[in-house]
Amino acid sequence: MHALLSAFAPIWTLTAIGYAVGRSGLLGEQAEAVLGRFVFHVAMPAALFTMVSGARPAAFANSSMVAFAAGTALVCGLGFVAAGRLFGRGTADRAIGSMASGYVNSANLGIPVAVQVLGDASFVAQIILFQVLLVSPVILTLLDTGTGTGSGKGVVVRRMLTMPVRNPIIMASLLGVVVSALGLRLPHALAHSGDLLGAAAVPTALITLGLSLNSRPATGGPTEHTEPAESTVRTKRAEVVVTVALKTLVQPLIAFVVGGPLLHLPDHQLMAVVLCSALPTAQNAFIYAQQYGLDTRVARNSVVASTVVSMATLSLATWVLGTTGP
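Not measured: the values here are computed from a predicted model.

### Overview of the overall build of the protein chain
Next up, step 1: Counting secondary structure elements, the protein chain contains 15 helices and zero strands.
Next up, step 2: Here the protein chain holds 326 residues, and 48% of them are scored as buried.
Next up, step 3: The long-range share in the protein chain, meaning contacts at least 24 apart out of those at least 6 apart in sequence, stands at 83%.
Next up, step 4: Within the structure as shown, the protein chain displays about 14700 Å² of accessible surface, and the carbon and sulfur contribution to it stands at 67%.

Listed below in structure tokens is the structure:
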């Protein structure tokens, strides 16, 4: 439990600082929007490029990643369907619901939890690559399609083909893959600059999350204009409950079933898969919703609520499966 508390402390501390700064008005009314754009367009791409360029895609070829990917795919699919069927969301908002349901906080929480509980963060590095290279492009494609200005087939195809150029997240990931595949090494000064810039992504995203707790979230979608305010609040609460349940309970359970009875993973690998699947929603879901002009309340509240609930689910997973060392 001490290791988990140590891992969660920076998240809550930085979010609380962001909240306090927002309450004080120290950074002005546009702070949330400006910092959000900085994270999405500058710091996060730098962080992703650094991670991907220093890794090898061949690391995906193992049974542990199959179990984790199965849980992620199924839960993201359930989140997408639930957002549409149960809550009447459009494509873009369904994409955010899908991401909030199955996209784990692998960087700023996954790494410290893995190091302190598992004794090794190598599996988390594979998860980061999996989410960046496979999950994020699907989510961003849905977001881009759902918020596109044109409705014709040619417009949609053109937007999808040019999205890597227009979206800094995908562009940084693709460039990282190219650098990794070619075995290139950036000059030390340039690489160090990228490291410093990328290091700002997680803390700035958490500060932005804290700032958002003071603000009135942007609204969008047809339900915002057709439902009474009280009904809308109840609907969003129910949506957060469903999303958090999928993230913190269903995803690790699926990973356990696939990794245990189906793939018969060794105990230490099964522990890593289940523990990482039980990680809370990444703040990327909130950042993406913000940058695409969507209602940020469900994403924001899912990040906060799943982080709280995951304290119990991570502890339960550690207690049931047992801790493993390096």
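### Details of the pattern of salt bridges
Next up, step 1: This model, assessed by the stated rule, comprises three salt bridges.
Next up, step 2: Between Asp 295 and Lys 236 there is a salt bridge, with its nearest N and O atoms 2.8 Å apart. In this pair, Asp 295 sits in the loop between helix H14 (284-291) and helix H15 (297-321) while Lys 236 sits in helix H12 (residues 229-262), placing the two residues 59 residues apart along the sequence. The same class applies to Asp 295 and to Lys 236, which are both buried.

### Describing the nonpolar core
Next up, step 1: Among the nonpolar cores identified, the biggest contains 65 residues, and Phe 68, Phe 123, Leu 143, Leu 275 and Tyr 288 are the most heavily contacted of them.
Next up, step 2: Per-element accounting of this core gives the leading share, 11 residues, to helix H6 (residues 122-146).

### Thoughts on the environment of Val 244
Next up, step 1: For Val 244, the location among the structural elements is in helix H12.
Next up, step 2: Filtering out sequence-adjacent residues up to four positions away, Val 244 remains in contact with Leu 249, Ser 302, Ala 305, Ser 306 and Val 309.

### Some points on the packing of helix H3 (residues 63-85) against H6
Next up, step 1: In contact at an axis separation of 11 Å, H3 and H6 are set at 30° when each is read in the N-to-C sense. Taken together, H3 and H6 sit at an angle that is classed as roughly parallel. As H3 packs across H6, the resulting crossing turns out to be right-handed. In this structure, H3 uses Ser 64, Met 65, Phe 68, Ala 69, Thr 72 and Phe 80 to contact H6, whose residues at the interface are Phe 123, Gln 126, Ile 127, Phe 130, Gln 131, Val 135 and Leu 142.
Next up, step 2: Class assignment of the residues belonging to the contact of H3 with H6 gives a composition of nine nonpolar, four polar and no charged.

### Points about the packing of aromatic side chains
Next up, step 1: Enumeration over the complete set of coordinates arrives at four aromatic pairs.
Next up, step 2: With 6.0 Å between their ring centres and 85° between their planes, Phe 68 and Phe 130 make a pair best called edge-to-face. Of the two residues, Phe 68 sits in helix H3 while Phe 130 sits in helix H6, which places them 62 residues apart along the sequence. We note that Phe 68, like Phe 130, is buried.
Next up, step 3: Members of the aromatic cluster, joined through ring pairs, are Phe 40, Tyr 288 and Tyr 292.

### Quick look at a nonpolar patch on the surface
Next up, step 1: On the surface, a cluster of nonpolar side chains totalling about 520 Å² of accessible area is made up of Val 66, Leu 253, Phe 256, Val 257, Leu 262 and Leu 263.
Next up, step 2: Looking at the nonpolar patch, the element that brings in the most residues is H12, giving four residues.
Next up, step 3: Look at Phe 256 and you get partly exposed, because its relative accessible area is 34%.

What counts, and at which threshold
- Residues numbered from 1 in each chain as written.
- Predicted model: local features only at pLDDT ≥ 70, side-chain atom pairs only at ≥ 80, totals over all residues.
- Heavy atoms only, no water.
- Helix = DSSP H or I, 4+ residues; strand = E, 2+ residues; numbered from the N terminus.
- Buried < 20%, exposed > 50% of the residue type's maximum accessible area, 1.4 Å probe, protein only.
- Contact = heavy atoms within 4.5 Å.
- Areas by Shrake-Rupley, 256 points an atom, 1.4 Å probe, with all protein chains shown as cover.
- Salt bridge = Lys/Arg side-chain N within 4 Å of Asp/Glu carboxyl O.
- Core = buried A, V, L, I, M, F, W, Y, C linked by side-chain atoms within 4.5 Å.
- Axes fitted to C-alpha atoms, helices over the stretch in contact; angles between N-to-C directions.
- Parallel < 35°, antiparallel > 145°, perpendicular 65-115°, else oblique.
- Left-handed = near helix turned anticlockwise from the far one by under 90°.
- Nonpolar A, V, L, I, M, F, W, Y, C, P; charged D, E, K, R; others polar.
- Phe/Tyr/Trp six-rings, centres within 6.5 Å; stacked < 30°, edge-to-face > 60°.
- Patch = residues over 30% accessible without salt bridge, like charges linked within 9 Å, V, L, I, M, F, W, Y side chains within 5 Å.

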